[in-house]
Amino acid sequence: MSRKIAVVGGGAAGMMAAIQAAASGAAVSLYERGDRVGKKILSTGNGKCNFSNEKMGPEYYHGSGATIWEAVYSAFDTAQTKDFFASLGMRIKERDGYLYPASEQASTVLDLLRYELERQHIMIHTETKIKEIYQEKGQFILKPSGETCDAVILACGGSAAPGTGSDGNGVLLAKKLGHTIVPVVPALTALRCQESFFKQVAGVRCDASLVLRAAGKKICRERGELQLTDYGISGIPTFQISRHASYALQEKKPVTVTISFLPDYDEIACASFFQARLAVHGQEEMERFLTGIVNKKINQLLLKLSGIGQKESANEVSEASFRRLWKLYCGLEVTVTGVNPFDKAQVSAGGVDCGEVTTGLMSKKIPGLYFAGEILDIDGVCGGYNLQWAWSSGAVAGRAAASAGEKDGSL
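Caption draft 1: The overall build of the protein chain, seen in detail. Along its length, the protein chain carries 12 helices and 21 strands. Projecting the C-alpha coordinates of the protein chain onto the three principal axes gives extents of approximately 90 × 45 × 35 Å. Relative to its full complement of 411 residues, the protein chain shows a buried share of 55%. A separation threshold of at least 6 residues defines the contact pool for the protein chain, and within that pool the share at least 24 residues apart is 73%. Separation of charge centres in the protein chain, based on 45 positive and 43 negative side chains, amounts to 3 Å.

Structure representation (structure tokens):
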């Protein structure tokens, strides 16, 4: 008789888990609290769905998942992910290692997964929120559905983008079942800053490097296209550091970000650059002197912060004022007061402590209970890493749950 598997959560990880469990011979039911499965997929990669990346390694991930990531990824890696989607009929486009459907439509990925759910005869229950899971006589019972099954896969996501279904319910279920929960915070999101001057530069995008510090200690550095907003900073380099800012703020630590608008220059090189420019353009007014260095709005802001007038001749600016100016170009420090909330975050950090699951993603506390995706305490950087974790963990959990002979949950 086929094993009965219930998958709770119809996102990327849940759909993959359901498909792999059914392909392994299990009878599978998939529960989704929303009105349809896979909503969050549609917003990934700005609607183009960057579903994986050719460059993979533990350095692209954070959280307690370092203990299991390599084993899980090795069992279902990028190559296998590409083969899987190709087998469903998807042509794949690669750009600098980033992988997309050739259609550049996230709906392609979702449609193919939906078709495969149908082909595998998976029972899909939408608008059904599982509020309780317990065991009785060796079987799992789900409430309020009343379904009994041999194994359960929790793939409910974290708390990011709650409008697409990730409302934190899975973490609550895991906690009720006795699992340790690493605090869940927004990740891959923008940072809100104290300074009022951001309104002057809102909408500007530029190449910059960011250094995040908590209580004065350097935590990380990122470089990329920075987006300045009326409330602070956004863009990919900001997203990459946001999970660290979230945890530092949660711990009540003062958090700052130092922005370099000349990321190829250190302080010495920056000083030399301006000295050389003075030798050639020193007779010009400062507004004209700075033209061409970076975006005009940034030039104007840094002039103002340095106390230098736009109409002052560069040669007439005091040495101290000029030093303040070039130091701002290579190190404008801003104070972070918060991160954007879960409804504006791409993923959440935290979740079920990965030290409490096997490499087969089975609970060490409750045999037959499995986890997949963002519900686990593992989050990736931008670039298809979180979706790859969804595919890898979903495939591993689905196959393991369908294996009646599994004893210890290891791969």
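That shown, we press on.
Caption draft 2: Up close: the nonpolar core. Residues V152, L154, L376 and W391 are the most contacted members of the largest nonpolar core, which totals 80 residues. Each residue touching L154, except ones within four places of it in the same chain, is listed here: V8, I133, G170, L173, A174, L177, L369, Y370, F371, A372 and I375. Judged by nonpolar contacts, the second largest core, of 48 residues, contains L210, C220, V255 and V294.

Caption draft 3: Structural context of unusual backbone geometry. Of note, the bond from K143 into P144 is cis; its omega dihedral lies within 30 degrees of zero at 10°. Locating P144 in the fold gives a position in the loop between β9 (139-143) and β10 (148-149). Positive phi, close to 55°, is recorded for H121, a residue that is not glycine. Within the secondary structure, H121 sits in the loop between α4 (106-119) and β7 (123-125). Look at H121 and you get exposed, because its relative accessible area is 68%.

Caption draft 4: Highlighting the packing of aromatic side chains. Enumeration over the complete set of coordinates arrives at 13 aromatic pairs. Summarising the aromatic geometry, the rings of Y61 and W69 are spaced 5.3 Å apart at their centres and angled 35° between planes, so their arrangement reads as tilted. Grouping residues by exposure puts Y61 and W69 together as buried. Taking the centre distance of 5.3 Å and the plane angle of 85° together, the rings of F273 and F274 count as edge-to-face.

Caption draft 5: Focus on the pattern of salt bridges. By the definition in use, this model includes 18 salt bridges. The salt bridge involving D207 is made with R223; its shortest N-O contact spans 2.7 Å. Residue D207 is located in strand β14 (residues 205-214), and its partner R223 is located in strand β15 (residues 217-228); the two are separated by 16 residues in the primary sequence. The partner of E287 in a salt bridge is K311, with the nearest N and O atoms 3.5 Å apart. Pair noted here: E287 is in helix α9 (residues 286-290) and K311 is in the loop between α10 (296-306) and α11 (319-329), with a separation of 24 residues, a long-range link. The exposure class of K311 is exposed, given its relative accessible area of 58%.

Caption draft 6: Representation of helix α5 (residues 169-176) within the structure. Taken residue by residue, α5 has N169, G170, V171, L173 and A174 as its buried positions. Structurally, α5 contributes buried residues whose contacts are with β8 (132-136), β11 (151-154), β12 (181-187), β19 (347-352) and β20 (369-371).

Caption draft 7: The sheet that holds strand β2 (residues 27-31), seen in detail. Taken together, 5 strands build an open sheet; the order of strands is β7-β2-β1-β11-β20 and the sheet is parallel. Of all the strands in the sheet, the pair left with one neighbour each is β7 and β20. Taken pair by pair, the neighbouring strands of this sheet meet at an average axis angle of 20°, ignoring direction. With 3 bridges joining them, β11 and β20 adopt parallel strand pairing. The residue of β20 that forms the bridge with L154 is F371. Relative to the sheet, helix α1 (residues 12-23) contacts β1 (4-8), β2 and β11, its axis offset from that of β2 by approximately 170°.

Caption draft 8: Representation of the pairing of strand β17 (residues 255-260). Summarising burial for β17: 6 of the 6 residues are buried, a large majority. Alternating positions in β17 separate into two faces, V255, V257 and I259 on one and T256, T258 and S260 on the other, with burial throughout. In this sheet, β17 lies alongside β14 in antiparallel orientation, the contact comprising 6 bridges. Looking across to β17, one finds that S209 is bridged to S260.

Caption draft 9: Fine view of the sheet that holds β8. Judged by pairing direction, the sheet is antiparallel, and its 3 strands sit side by side in the order β8-β9-β10 without closing on themselves. The open sheet has two edge strands with one neighbour each: β8 and β10. The pairing of β9 with β10 spans 2 bridges and is classified as antiparallel. Opposite F140, over in β10, you have C149 as the bridge partner.

Caption draft 10: Local environment of the environment of L188. For L188, the position within the fold is in the loop between β12 and β13 (191-193). Separated by 193 residues in the primary sequence, L188 and V381 place their C-alpha atoms 7.4 Å from one another. Ignoring sequence-local partners within four residues, the contact set of L188 consists of F239, Q240, S242, A345, Q346, V347, G380, V381, C382 and N386.

Quick notes on the rules
Residues numbered from 1 in each chain as written. Predicted model: local features only at pLDDT ≥ 70, side-chain atom pairs only at ≥ 80, totals over all residues. Heavy atoms only, no water. Helix = DSSP H or I, 4+ residues; strand = E, 2+ residues; numbered from the N terminus. Buried < 20%, exposed > 50% of the residue type's maximum accessible area, 1.4 Å probe, protein only. Contact = heavy atoms within 4.5 Å. Lys, Arg positive; Asp, Glu negative; His and termini not counted. Charge placed at Lys NZ, Arg CZ, Asp CG, Glu CD. Core = buried A, V, L, I, M, F, W, Y, C linked by side-chain atoms within 4.5 Å. Phe/Tyr/Trp six-rings, centres within 6.5 Å; stacked < 30°, edge-to-face > 60°. Salt bridge = Lys/Arg side-chain N within 4 Å of Asp/Glu carboxyl O. Pairing = 2+ DSSP bridges. Axes fitted to C-alpha atoms, helices over the stretch in contact; angles between N-to-C directions.

Interpretation note: all reported values are geometric properties and have no functional meaning in isolation.
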